[in-house]
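The primary structure of each chain is shown beneath.
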Amino acid sequence: MDTGPASSHSLAAPFLGALRLAHLAWTHAARAALDIALPTLCVACREPVAGEGVCAACWAKLSFIAPPYCARLGIPFVYDPGPGILSMQAIADPPAYQRARAAVRYDDVARTLVHQLKYHDRTDLAPSMGRWMARAGKELLDEADLLVPVPLHWRRGFSRRFNQSGALARAISRHSGVAVSRDALRRIRPTEHQVGLSRAERAANVQGAFKVAPSSRAKIQGRRVVLIDDVLTSGATVDACARALLRAKAAQVDVLVFARVVDALRSPI
């Protein structure tokens, strides 16, 4: 009998999936009951708010990313140099993926939204975040065949109970009409948290961590794929995912995230 890692994963997956569904159903029921009894609070400042989870004051503090930006990396520029101009970073160290776009800069309010979704089961935030992402990535989605969320390793998925990138991908799919392939890409080994690691350490941490499942290669081959994730920092994770998808013969890989870290507004070359 095969008791290797692949067999363990295949046996654990249905059980973990059932547990996640049960937990999410309980969470939604409990939140619905609380919403009847208590006012909804802004996730950033805890003031009462109706609807989207962000009050007007915190909404004003969100830094939405719009042109001009690097045509490859989506990094904002301080002035408009004209169409198709690349940043120095894109020229010096081009990524495996073709283009990256983000809805907002990773500032204090964006960080709170991401953490509430990611660590506190605030799945009710995903529709709004996904809608903003769909608007920011319209040019990518108009050309896309498939959305692929960045996967969690199954052990981390068990502790976190759901994949925030998958929740965002489903929300984007509802707005764009592009299908989601939830299981096409797998994280085949656990990785350390990227927080606190240098750029080189981040790249080494995720090297070889992702693989397209053999049963999913036909879905990927020849397709234009958009990778979905919550935050882009160094780009190491999405770059490793893009390489795995390109090895499976994807025609093109783009990246769409909710927030990206921007050190400072960049000047074009």
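Quick summary incoming for the structure in this document. (Residues numbered from 1 in each chain as written. Predicted model: local features only at pLDDT ≥ 70, side-chain atom pairs only at ≥ 80, totals over all residues. Heavy atoms only, no water.)

### Overview of unusual backbone geometry
Residues proline 67 and proline 68 are joined by a peptide bond in cis, for which omega reads 10°. Mapped onto the elements of the fold, proline 68 is located in the loop between helix 2 (56-61) and helix 3 (88-92). Residues other than glycine seldom take positive phi values, yet arginine 46 does so here, at roughly 70°. Along the chain, the position of arginine 46 falls in the loop between helix 1 (5-37) and helix 2. In this model, aspartate 121 sits at a positive phi of 60°, which is unusual for a non-glycine residue. Locating aspartate 121 in the fold gives a position in the loop between helix 4 (108-119) and helix 5 (126-136). (Helix = DSSP H or I, 4+ residues; strand = E, 2+ residues; numbered from the N terminus.)

### A few points about helix 8 (residues 164-176)
Between its first and last C-alpha atoms helix 8 spans 18 Å; for 13 residues at 1.5 Å apiece the expected length is 18 Å, and the two agree. By the burial criterion, the buried members of helix 8 are Gln164, Ser165, Gly166, Ala167, Leu168, Ala169, Ala171, Ile172 and Ser173. Capping the start of helix 8 is the job of one residue whose side-chain oxygen sits 3.0 Å from the backbone nitrogen of serine 165: asparagine 163. Glycine 177 occupies a position one or two residues after helix 8 and carries a positive phi of about 80°. (Expected span 1.5 Å × (residues − 1). Buried < 20%, exposed > 50% of the residue type's maximum accessible area, 1.4 Å probe, protein only. Polar contact = N/O pair within 3.5 Å; in protein donor to acceptor, adjacent residues only side chain to side chain.)

### What to know about the environment of arginine 260
Residue placement: arginine 260 occurs in strand 6 (residues 252-260). With 29 residues separating them along the chain, arginine 260 and valine 231 place their C-alpha atoms 5.4 Å apart. From its side chain, arginine 260 meets the backbone oxygen of leucine 73 in a polar contact 2.7 Å long.

### Some thoughts on the pattern of salt bridges
For the structure shown, the criterion picks out eleven salt bridges. Here glutamate 139 and arginine 99 are joined by a salt bridge, their closest N and O atoms 3.9 Å apart. A residue pair is termed long-range when its members are at least 10 positions apart, and glutamate 139 in helix 6 (residues 138-141) and arginine 99 in the loop between helix 3 and strand 1 (100-105) qualify at 40 residues. Residue arginine 99 is classed as buried on the basis of its relative accessible area, which comes to 13%. One salt bridge in this structure joins aspartate 230 and lysine 118, with 3.3 Å as the shortest N-O distance. Linking aspartate 230 in strand 5 (residues 224-232) with lysine 118 in helix 4, this pair joins segments that are 112 residues apart in sequence. A single burial state applies to aspartate 230 and to lysine 118, both of which are buried. (Salt bridge = Lys/Arg side-chain N within 4 Å of Asp/Glu carboxyl O.)

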